[in-house]
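The primary structure of each chain is shown beneath.
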Amino acid sequence: MTDSLNHVLRHFRNTLAVVLRDQGVLLLLVAAPVLYGFFYPWFYATEVVTQVPVAVVDLDHSSLSRQITRLAEADPNIAVTLVTGNEQEAREALWSGAIGGYAVLPADLQRKVFRSEAAVVNVEANAAYALINKAVQRGFAESVGTASAVVEIRRLEAQGQSPTQAHASRNPVQLQTAALFNPTEGYGSYVVPAVAMLILQQTLLMGAALLAGTWVERGQHHAAPGVWAARLAALCTLGLASGLLYFGWIFVWHDYPRGGNAWGALLLLLFYVPTNAALGLLLGLCMGNRERALQMLLFTTLPMVFLAGFSWPVEALPLPLQWLRWLVPSTAGVQASLRLNQLGAPLADVLPHLGVLLALFIASTTGLVWKGRRPRAAQRMQVSPASPRLG
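Definitions and limits used
Residues numbered from 1 in each chain as written. Predicted model: local features only at pLDDT ≥ 70, side-chain atom pairs only at ≥ 80, totals over all residues. Heavy atoms only, no water. Helix = DSSP H or I, 4+ residues; strand = E, 2+ residues; numbered from the N terminus. Buried < 20%, exposed > 50% of the residue type's maximum accessible area, 1.4 Å probe, protein only. Contact = heavy atoms within 4.5 Å. Pairing = 2+ DSSP bridges. Axes fitted to C-alpha atoms, helices over the stretch in contact; angles between N-to-C directions. Phe/Tyr/Trp six-rings, centres within 6.5 Å; stacked < 30°, edge-to-face > 60°. Lys NZ or Arg CZ within 6 Å of the ring centre and 35° of its normal. Parallel < 35°, antiparallel > 145°, perpendicular 65-115°, else oblique. Left-handed = near helix turned anticlockwise from the far one by under 90°. Nonpolar A, V, L, I, M, F, W, Y, C, P; charged D, E, K, R; others polar. Core = buried A, V, L, I, M, F, W, Y, C linked by side-chain atoms within 4.5 Å. Expected span 1.5 Å × (residues − 1). Right-handed = clockwise from strand over helix to strand, strands pointing away. Salt bridge = Lys/Arg side-chain N within 4 Å of Asp/Glu carboxyl O.

A.B. asks: Just checking my understanding: could you explain the side chain of Ser189 for this structure?
C.D. replies: Tracing the chain through its elements places Ser189 in helix 8 (residues 187–218). Judged by relative accessible area, Ser189 falls into the buried class, the value being 7%. Residue contacts for Ser189: discarding those within four places in its chain leaves Glu47, Asn182, Thr184, Tyr256 and Pro257.

A.B. asks: Help me understand the sheet that holds strand 1 (residues 52–58), please; the structure alone is not making it clear to me.
C.D. replies: The pairing of strands in a sheet comes from backbone hydrogen bonds and takes either a parallel or an antiparallel form. Sheet architecture is open: 4 strands sit in the order 2-1-3-4, paired in mixed fashion. Unpaired on one side and paired on the other, strand 2 (78–84) and strand 4 (122–125) mark the two borders of the sheet. Between one strand and the next, the sheet's axes are offset by a mean angle of 25 degrees, whatever the strand orientation. Bridge count between strand 3 (residues 101–105) and strand 4: 4 bridges; the pairing is antiparallel. Bridge pairing in strand 4 places Ala103 opposite Val123. Along the sheet, helix 4 (residues 87–96) contacts strand 1, strand 2, strand 3 and strand 4; its crossing angle with strand 3, the most-contacted strand, is approximately 165 degrees.

A.B. asks: So what exactly am I meant to see when it comes to the packing of aromatic side chains here?
C.D. replies: Two numbers describe a pair of aromatic rings. These are the distance of the centres and the angle of the planes. Considering all chains together, one arrives at 6 aromatic pairs under this definition. When the centroid spacing of 5.5 Å and the interplanar angle of 45 degrees are considered together, the rings of Phe247 and Phe251 count as tilted. Placement of the pair is Phe247 and Phe251 together in helix 9 (residues 225–253), with a separation of 4 residues, close to one helical turn. In this structure Phe247 comes out as buried when scored by relative accessible area, which is 14%. For Phe251, a relative accessible area of 0% corresponds to the buried category. Through a chain of ring-to-ring contacts, three or more aromatic side chains come together here, namely Phe247, Phe251 and Tyr256. The ring of Trp215 has Arg231 lying over it, and the distance from NZ or CZ to the ring centre is 3.9 Å.

A.B. asks: Mind showing me how you'd approach the packing of helix 10 (residues 262–287) against helix 14 (residues 329–342) here?
C.D. replies: For any two helices packed against each other, the geometry comes down to the angle between their axes and how far apart the axes lie. Contact pair helix 10 / helix 14: the axes reach a minimum separation of 10 Å and the direction vectors enclose 170 degrees. In terms of orientation, helix 10 lies roughly antiparallel with respect to helix 14. Here helix 10 and helix 14 pass one another in a crossing that is left-handed. Contact with helix 10, carried on its side by Gly264, Ala265, Leu268, Tyr272, Thr275, Asn276 and Leu279, involves Pro329, Ser330, Gly333, Ala336, Ser337, Leu340 and Asn341 of helix 14 and no other residues of that element. Partitioned by chemical class, the residues of the contact of helix 10 with helix 14 number 7 nonpolar, 7 polar and no charged.

A.B. asks: Could you clarify how one ought to interpret the nonpolar core in this entry?
C.D. replies: A general tendency of soluble globular proteins is for nonpolar side chains to be buried together. Ranked by size, the top nonpolar core spans 61 residues in total, and within it Leu281 and Phe310 carry the most contacts. Ranked by the residues each element gives to this core, the list is headed by helix 8, at 18 residues. In this structure, Phe310 is in contact with Tyr190, Val191, Ala194, Val195, Leu198, Val305, Val334, Gln335 and Leu338, ignoring residues within four places of it in sequence. The next biggest cluster of nonpolar side chains, apart from the first, holds 17 residues, and it includes Leu64, Ala103, Val113 and Ala125.

A.B. asks: Any chance you could explain helix 10 here in plain terms?
C.D. replies: Residues lying three or four places apart along an α-helix face the same way, a consequence of the helix completing one turn every 3.6 residues. Spanning 26 residues, helix 10 covers 37 Å between terminal C-alpha atoms, matching the ideal 38 Å at 1.5 Å per step. Where helix 10 ends, the next residue or the one after it, Gly288, has phi of about 65 degrees, a positive value.

A.B. asks: Sorry if this is basic, but what is going on with unusual backbone geometry here?
C.D. replies: Backbone phi values are negative for most residues with the exception of glycine, while trans is the configuration of most peptide bonds. The phi dihedral of Gln51 falls on the positive side, at around 55 degrees, and the residue is not glycine. Tracing the backbone shows Gln51 in the loop between helix 2 (23–39) and strand 1. Under the relative-accessibility criterion, Gln51 is labelled partly exposed at 46%.

A.B. asks: Just checking my understanding: could you explain the pairing of strand 1 for this structure?
C.D. replies: Side-chain positions along a regular strand alternate between the two faces of the sheet. The buried fraction of strand 1 amounts to 6 of the 7 residues, a majority that puts the element mostly inside the structure. Looking at chain direction, strand 1 and strand 2 are connected through 6 bridges and run parallel. Its bridge partner lying in strand 2, Val56 is registered against Val83. After leaving strand 1, the chain enters helix 3 (residues 63–74) and then returns to the sheet as strand 2, a path that is right-handed.

A.B. asks: Is there a simple way to explain the environment of Val34 in this structure?
C.D. replies: Tracing the backbone through its elements, the reader meets Val34 in helix 2. Taking the C-alpha atoms as reference, Val34 lies 8.0 Å from Leu245; in sequence the two are 211 residues apart.

A.B. asks: I keep staring at the pattern of salt bridges and nothing clicks. Help me out?
C.D. replies: Close approach of charged atoms allows side chains with opposite charge to pair. Enumeration according to the criterion identifies 4 salt bridges in this entry. Here Asp108 and Lys112 are joined by a salt bridge, their closest N and O atoms 3.4 Å apart. Asp108 sits in the partly exposed class, given a relative accessible area of 21%. A relative accessible area of 25% means that Lys112 is categorised as partly exposed. Sharing partners across several salt bridges, the network here consists of Asp108, Arg111 and Lys112.

A.B. asks: Where do I start with the environment of Leu281 in this structure?
C.D. replies: Following the sequence through the fold, Leu281 ends up in helix 10. Under the relative-accessibility criterion, Leu281 is labelled buried at 0%. Each C-alpha atom of the pair Leu281 and Leu232 lies 8.2 Å from the other, and the pair is 49 residues apart in sequence.

A.B. asks: Looking at this structure, how should I read the packing of helix 9 against helix 10?
C.D. replies: At a minimum axis distance of 8 Å, the contact between helix 9 and helix 10 shows a crossing angle of 130 degrees. Here helix 10 runs oblique to helix 9, going by the angle between their axes. Helix-helix and strand crossings are classified by hand; for helix 9 and helix 10 the assignment is right-handed. Residues Trp228, Leu232, Leu235, Cys236, Gly239, Leu240, Gly243, Leu244 and Phe247 of helix 9 touch helix 10, and the partners they reach there are Ala265, Leu266, Leu269, Leu270, Val273, Pro274, Ala277, Ala278, Leu281 and Leu285. Across the contact of helix 9 with helix 10, the residue classes tally to 17 nonpolar, 2 polar and no charged.

Quick look at the structure:
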């Protein structure tokens, strides 16, 4: 028993030593998670887009249109940089990228409003950038909505209602909205916690596959199950350290929603990291080449983002992909992580996701042991007694 344990510990230390000596594997398993953790969220540090340059096309030139323009100038989402009476000028500014959008105040705006007729304010925005489009649409909607409320309250007061009654008639049900799990409604708080799981997966998959590919090239890939268990444990140690870095410090440093179910998130890592490590080793053995493993896995990151189900509606995926996406650990990992770490869901709510990870781990480990087993001839040669010397 002691000899077996010492044997496993020796291979565990040897694997860590190989990682430290191999610059490519070291970069993927140690340096990349740290660099991604500190620099990837930096691009979303502002969380929300504000002061997007916009234009107002005033075709009405009335007191109401000027009031809407002033309200747009005061809105924090947009910054009015151009007021013109020519829509073509605003359109060219949008096409050139000088502005993010513009609103067209029609020529009969005030007349229709005073006659209680429906008036339409068209808003054009650059939909190629979702956050800019959202800020433009929201800024003009708030400006026009506020102006509309003022006009309606004045009409109610003219009909004999007091200011208090007019406000109550205008807004009989007080509505207050609050984002429960993303209080700032920021893009970073939305995307980084999910992408963190993808970063952990991809760095671990590529690092493990690179390491296994190296063993294949050197003829060191045939080993007993105990040796593969030691190698897997070494990779899991590095992967768990990266996971704890994200959940324990990166989220705190950037003040992302976190800690809803800390123990559940820790349990998730104990399922997620070994699954990716085993799958990465198996892929490396199957590809049998150090560079090929890295090349193949490098281009799978973006498709996995869409398959994970947080940036693209799952229902919009083709039906075969809706089933096949569960063969990727990040699908179950991202969904379980968001529920546990951000939403504070109980462990019972993510048991199906943990079951998927466990099934993938068992399948990957079985394939790894089978693919990396020693040839039978080598096993017989190892246990056979030494041949007598001749001559």
